[in-house]
Amino acid sequence: MKGTIGWVDLWRGILFCDVLEENPKLRDMPLPLPGKGNWTHFLNFSEGCYRDITVNRCKDSIKYVEMEIVRPGNVTTAPEPRSFLEWLRSRECPSQSTCTIIPGHWKATTWSMPIPVASWDDWHRDCTTELHEIEVYSPRHHQLLHELMSSSDDNEKATEATFSLGCLQMAYPTLSIDDNVVYLLTKATSSTKMGVIAIDLKQKKLQGVAKLDSKTNTSFIHRYLACDCEIPKHLKTKGTCALLLLAVMSALVVIYLLVIHIKICLRSRIG
């Protein structure tokens, strides 16, 4: 298993191959079935927004997380006019309307599978955590969350912002390789402020908050990839072994892309 690498499709599953075997073979391992909240998202939206997978530091298990997300929304309301003149003024001055944030919520479920991988039945549900269960103990974390939620850059005004984790958009989970912590990209619904929060899903508490530079982070998308592999160690091998390894890896990538292309073509013809 020392030469095993994997290609992950977060909606479908993992393709494994031991590239150091004399006759490398591909092996497919599906991921756990999607949660109910993601049934309509399946194959239709960016999978990285809801799912992540990694191998723990000891390399004895695969860790997987899925989030079912309901994003916060905005509702604009205006006072009911009491007369015809007030109605006319409201049409000329729409600024009298107020915007109310409807908090969102999410549920995160983590799974694990021992290595070496044997059967789909070996997926084990570790824990399920919902947003309303998360506790925030640190005053500093409270302050940073208030600043993210506020549309003002004034720290004094930021502390007066209504505190609710549901008022923040959260997505793009990234699993820690050491513990039960998941990192989430977060964004205020009423401003362009963004940050990253760390949540311990088993202990159900917030462990960290960090603000991102709004000048360099303008889009609510995944901008980083966690990677911990030993492929570079094998590439240091001298002679034909390294060239053979590179050739096998390249061929497997081409095969994987070809299989995906064939599936898409067949699906479009059937549809």
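Residues numbered from 1 in each chain as written. Predicted model: local features only at pLDDT ≥ 70, side-chain atom pairs only at ≥ 80, totals over all residues. Heavy atoms only, no water.

## Notes on the nonpolar core
Then step 1. Grouped together as the largest cluster of nonpolar side chains are 32 residues, with contacts concentrated most on Trp106, Leu145 and Ile199.
Then step 2. Elements with a minimum of two residues in this core: strand S5 (61-70), strand S8 (105-114), helix H2 (139-149), strand S10 (168-175), strand S11 (181-188), strand S12 (194-200) and strand S13 (205-211).
Then step 3. At five residues, the largest contribution of residues to this core is made by S10.
Then step 4. The contacts of Trp106, once residues within four sequence positions are left out, are Met67, Glu68, Ile69, Thr129, Glu130, Leu131, Ile134, Met170, Leu184, Ile199 and Leu201.
Then step 5. One finds Ile14, Phe16, Ile53 and Tyr64 within the second-largest nonpolar core, a separate group that totals twelve residues. (Core = buried A, V, L, I, M, F, W, Y, C linked by side-chain atoms within 4.5 Å. Buried < 20%, exposed > 50% of the residue type's maximum accessible area, 1.4 Å probe, protein only. Helix = DSSP H or I, 4+ residues; strand = E, 2+ residues; numbered from the N terminus. Contact = heavy atoms within 4.5 Å.)

## Thoughts on the environment of Phe45
Then step 1. Tracing the backbone through its elements, the reader meets Phe45 in the loop between strand S3 (27-30) and strand S4 (51-55).
Then step 2. Residues Phe45 and Trp11, 34 residues apart in the sequence, show an inter-C-alpha distance of 9.6 Å.

## Examining the sheet that holds S10
Then step 1. The four strands lie next to each other as S10-S11-S12-S13, forming an open sheet whose pairing is antiparallel. Edge positions in the sheet fall to S10 and S13, since each has one partner strand and no second. With strand direction ignored, the average angle separating the axes of adjacent strands in the sheet is 25 degrees.
Then step 2. Summarising the sheet, S12 and S13 pair through six bridges and their orientation is antiparallel. (Pairing = 2+ DSSP bridges. Axes fitted to C-alpha atoms, helices over the stretch in contact; angles between N-to-C directions.)

## Things to note about the sheet that holds strand S2 (residues 13-18)
Then step 1. Here three strands make up an open sheet; going across it, the order is S1-S2-S3 and the pairing antiparallel. With partners counted over all chains shown, the strands left at the sheet margins are strand S1 (4-9) and S3, one partner each. Averaged over all neighbouring strand pairs, the angle between strand axes comes to 25 degrees, with direction disregarded.
Then step 2. In the sheet, S1 pairs with S2 via six bridges, with the strands oriented antiparallel. Residue pairing for S2: Val8 is matched across the bridge by Ile14.

## Considering the packing of aromatic side chains
Then step 1. Scanning all chains against the criterion turns up three aromatic pairs.
Then step 2. Pairing Trp11 with Phe42 gives two aromatic rings, centres 5.5 Å apart and planes at 75 degrees, and the pair type is edge-to-face. Note that Trp11 is positioned in the loop between S1 and S2 and Phe42 in the loop between S3 and S4, a separation of 31 residues in sequence.
Then step 3. When its relative accessible area of 5% is taken as the criterion, Trp11 is described as buried.
Then step 4. Between Tyr64 and Trp123, the aromatic rings sit 6.0 Å apart at their centres with planes inclined by 55 degrees, giving tilted as the arrangement. Of this pair, Tyr64 sits in strand S5 while Trp123 is found in the loop between S8 and strand S9 (124-130), placing the two residues 59 residues apart along the sequence. Considered together, Tyr64 and Trp123 belong to a single accessibility category, that of buried residues.
Then step 5. Three or more aromatic residues joined by ring pairs form one cluster here, namely Trp11, Phe42 and Tyr50. (Phe/Tyr/Trp six-rings, centres within 6.5 Å; stacked < 30°, edge-to-face > 60°.)

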